[in-house]
Amino acid sequence: MDAYGGYTGLQNLVKNCHQRGIGVFLDIVWNHLDGNNELNIYDGWSEKESGFPSNGGNPEGIYFYQNENAVTDWGPRPNYGTNQVAQYILDNVQLFLEECHVDGYRWDSVICIRKGEQSCWDQQNENPDGVALLQQATTLTTKFNGFSIAEDLQNDASVTNPVNQGGIGFNAQWSDTSYYKLQDTLGNSNDNTRNIDEFVQVLSGTYSGGGKGSWRVIYTENHDKASGQNQGQGRWPVIVDSANPFSYISQKLSALGIATVLVAPGVPMIFYGQEFLDTENFVFGDVPNIPWTQVGNYANNQWSSFGSYNGFFNMTKTLIDLRRNVGGHSSGLTTLDMNVYYQSQNDLVIAFMRDNVLIVMNLSSTVYSSGYNVGCPNSGTWNVLFNSDLEVYSSVFGNNGAGITTLTTSNTPMHGFNYSITIPLGAYSTFIISQS
């Protein structure tokens, strides 16, 4: 920690982030400790108890399990059933909330806390010690108005169910199911492989265990995926087109992925560099070399130079502002309201309402220069909030619908609504309108 400024440096970082409206979450790892940590065999004692894994090496002493729960794939597992160990972890949780004012935590590999043994993903029985610890930790975090995120990856509703209903009490959990469905749908250049039903499931969180998006963290990149450690994974532009990650199709499908993350219900997550098409894999243990020149130089509230992907950066910023309802016109994106009222596998087009916001997405190479007709709930004039096809976001984009700031409905009923509206929809594009 000292290498990054130490305890005081963290306090100053959080304070300065808060002054700029930025929340700070700590990533904490309590499913294991490093094999060389100073608590190993702290007082010289260790003993293999019943069930200790035959290939698990040596037990690590009084602070760790000595039985079948002793070993993980990364290091020894703390003994959550020992009061002193549990309190040590809870004190750590409280410390950063109370003294550094962090906004919450992302807990690493929660499944390896709430389940035991080395291959915790394969275990059916929960470790009651771990479950009790997590319940206390999420309750404590809530006491300090913090937000708890679980990397559990099992779509298990018990992880996010309230503690008073028998759940563990996390506010949200990572959704790898959404990731893999998006990779199937937007991870290659072949339109024939796209499945609009799977895409709808991602948008609405209606897959098994999806919770209709209420609890999930949705993403197209994270540290594990962007590391490229598993075949077929890496940074999204590389997944789409490894030969030319800055190609038209890579930029288009990267933009669609980011838009999906930011317009779907749930907690959106953007991995560093996605906002300007970073293609360098994340490397564990290394400080990333972020290519800021791709964005440009920004100082004193103005750009002194523009990088090649400054437009893509601004596109992502626009979507984030809409998600946060910064301009006051997109409050529907801050709710869980979701109504997918039209989808076409043939056209690879989907239309849906998020309360007061109407969104149309085109997953195909077809350009609708004369417009694409969809149903509309209200008559009158609708304001264009976002069009991802604009050249201002990338010089290779089609610029379909450029200059159009409002659209007017017709009285033709369509898709269950009394009105319809014509959207100037570009290839692989997202179009967002609102009457607010």
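Bear in mind the structure is a predicted one, so any value in this text is a computation, not a measurement.

Q: Looking at this structure, I do not really get the side chain of arginine 194. What am I missing?
A: Locating arginine 194 in the fold gives a position in the loop between helix H5 (176-186) and helix H6 (196-204). Looking at arginine 194, its side chain comes within polar contact range of the side chain of aspartate 191, at 3.0 Å. In this view, arginine 194 contacts Thr185, Leu186, Asn188, Ser189, Leu253, Gln345, Leu348, Leu363 and Tyr428; residues no more than four positions away in its chain are not counted.

Q: Mind showing me how you'd approach the side chain of asparagine 362 here?
A: On the secondary structure map, asparagine 362 appears in strand E11 (residues 357-362). Within polar-contact distance, the side chain of asparagine 362 engages the backbone oxygen of threonine 366 at 2.8 Å. Contact partners of asparagine 362, with chain neighbours within four places excluded, come to Leu256, Asp347, Leu348, Val349, Tyr368, Leu425, Gly426, Ala427, Tyr428 and Ser429.

Q: Whenever I open this one, the nonpolar core confuses me. Can you help?
A: Inside soluble globular proteins, nonpolar side chains tend to come together where they are buried. In terms of nonpolar packing, the biggest core is built from 50 residues, with Met361 and Ile432 touching the most fellow members. For this core, the leading source of residues is helix H9 (residues 248-263), giving nine residues. Other than its neighbours up to four places away in sequence, isoleucine 432 contacts Val263, Leu319, Leu322, Val357, Leu358, Ile359, Asn383, Val384, Leu385 and Phe386. If you look at the next biggest cluster of nonpolar residues, it comprises 36 residues, including Phe64, Ala70, Ala86 and Ala137.

Q: Help me out: how do you make sense of the packing of aromatic side chains in this one?
A: Each aromatic ring pair is specified by the distance between its two centres and by the angle formed by the two planes. Across all of its chains, the model carries 24 aromatic pairs by this definition. Aromatic pair phenylalanine 246 and tyrosine 309: ring centres 5.1 Å apart, planes at 15°, arrangement stacked. Within this pair, whereas phenylalanine 246 is found in the loop between helix H8 (236-240) and H9, its partner tyrosine 309 is found in the loop between strand E8 (302-306) and helix H10 (310-323), the two being separated by 63 residues in sequence. Three or more aromatic residues joined by ring pairs form one cluster here, namely Trp174, Tyr179, Tyr180, Tyr219 and Trp236. Against the face of tryptophan 174 rests arginine 106, its NZ or CZ located 4.5 Å from the ring centre. Directly above the aromatic system of tyrosine 272 lies the positively charged group of arginine 235, at a separation of 5.1 Å from the ring centroid.

Q: Looking at this model, I keep getting lost on the sheet that holds strand E9 (residues 339-344). Mind explaining?
A: To summarise the sheet geometry, strands pair through backbone hydrogen bonds and adopt either a parallel or an antiparallel arrangement. Strand order across the open sheet formed by six strands is E9-E10-E11-E16-E13-E14, with antiparallel pairing between neighbours. Strands at the two margins of the open sheet, each flanked by one partner only, are E9 and strand E14 (406-408). Averaged over all adjacent pairs, the angle separating strand axes in this sheet is 25°, with direction ignored. Sheet analysis places E11 next to strand E16 (residues 429-434), joined by six bridges and oriented antiparallel. In the strand pairing of E16, isoleucine 359 is matched with isoleucine 432. Where H6 meets the sheet, it contacts E9, strand E10 (349-354) and E11, and its direction lies at approximately 20° from that of E10.

Q: What exactly am I supposed to notice about the sheet that holds strand E3 (residues 147-150) here?
A: Reading across from one edge, E1-E2-E3-E4-E5-E6 is the order of the six strands in this open sheet, with parallel pairing throughout. In this open sheet, the two strands that pair with only one neighbour each are strand E1 (25-28) and strand E6 (267-268). Relative to strand E2 (residues 104-107), E1 runs parallel, the two being bridged by four bridges. The partner of isoleucine 28 across the bridge, within E2, is tryptophan 107. Taken strand by strand, helix H2 (residues 83-98) contacts E1 and E2, and its axis lies near 135° from that of E2.

Q: Just to check I follow, could you spell out the pattern of salt bridges for this structure?
A: When the charged atoms of two side chains with opposite charge come close together, those side chains can pair. The final tally for this structure, using the stated rule, is 13 salt bridges. Its salt-bridge partner being aspartate 108, residue arginine 106 comes within 3.0 Å of it at the nearest N-O pair. Classification of aspartate 108 by relative accessible area gives buried; the value is 14%. Ionic pairing is found between arginine 106 and glutamate 151, a salt bridge with its closest N-O pair at 3.1 Å. Taken together, the positions of arginine 106 in strand E2 and glutamate 151 in the loop between E3 and strand E4 (172-174) put the pair 45 residues apart, joining distant regions of the chain. Take arginine 106 and glutamate 151: they sit in the same class, and that class is buried. A network of salt bridges, in which partner residues are shared, links Asp27, Arg106, Asp108 and Glu151.

Q: I'm lost on unusual backbone geometry in this one. Help?
A: What is expected of a backbone is that most residues other than glycine have negative phi and most peptide bonds are trans. Here leucine 153, not a glycine, exhibits a phi torsion of approximately 70°, which is positive. Among the secondary structure elements, leucine 153 is positioned in the loop between E3 and E4. We classify leucine 153 as partly exposed; its relative accessible area is 27%. Within the chain, asparagine 399 stands out as a residue other than glycine whose phi angle is a positive 65°. Position of asparagine 399 relative to the elements: it lies in the loop between strand E13 (381-387) and E14. With relative accessibility at 27%, the residue asparagine 399 sits in the partly exposed group.

Q: In this structure, what is going on with the packing of H2 against helix H4 (residues 128-143)? I would like to understand it.
A: In a pair of packed helices, the angle between the axes and the distance between the axes together describe the arrangement. Axis separation between H2 and H4 bottoms out at 10 Å; the angle between their running directions is 20°. One finds that H2 runs roughly parallel with respect to H4. For the element pair H2 and H4, the recorded crossing hand is right-handed. Contacts from Ala86, Ile89, Leu90, Val93, Gln94 and Leu97 of H2 reach H4 at Leu133, Gln136, Ala137, Leu140 and Thr141. The residue makeup of the contact of H2 with H4, split by class, is eight nonpolar, three polar and no charged.

Q: Would you take a moment to explain the state of the cysteines for this structure?
A: In a disulfide, the sulfur atoms of two cysteines are held together by a covalent bond. A complete count under the given rule lists one disulfide for this structure. At a sulfur-sulfur separation of 1.7 Å, the disulfide partner of cysteine 112 is cysteine 120. Across the pair, exposure class does not vary: cysteine 112 and cysteine 120 are buried alike. Looking at cysteine 100, it has no disulfide partner, and the nearest cysteine sulfur is the one in cysteine 17, 12 Å off. Classification of cysteine 100 by relative accessible area gives buried; the value is 2%.

What counts, and where the lines are drawn
- Residues numbered from 1 in each chain as written.
- Predicted model: local features only at pLDDT ≥ 70, side-chain atom pairs only at ≥ 80, totals over all residues.
- Heavy atoms only, no water.
- Helix = DSSP H or I, 4+ residues; strand = E, 2+ residues; numbered from the N terminus.
- Polar contact = N/O pair within 3.5 Å; in protein donor to acceptor, adjacent residues only side chain to side chain.
- Contact = heavy atoms within 4.5 Å.
- Core = buried A, V, L, I, M, F, W, Y, C linked by side-chain atoms within 4.5 Å.
- Buried < 20%, exposed > 50% of the residue type's maximum accessible area, 1.4 Å probe, protein only.
- Phe/Tyr/Trp six-rings, centres within 6.5 Å; stacked < 30°, edge-to-face > 60°.
- Lys NZ or Arg CZ within 6 Å of the ring centre and 35° of its normal.
- Pairing = 2+ DSSP bridges.
- Axes fitted to C-alpha atoms, helices over the stretch in contact; angles between N-to-C directions.
- Salt bridge = Lys/Arg side-chain N within 4 Å of Asp/Glu carboxyl O.
- Parallel < 35°, antiparallel > 145°, perpendicular 65-115°, else oblique.
- Left-handed = near helix turned anticlockwise from the far one by under 90°.
- Nonpolar A, V, L, I, M, F, W, Y, C, P; charged D, E, K, R; others polar.
- Disulfide = S-S within 2.5 Å.

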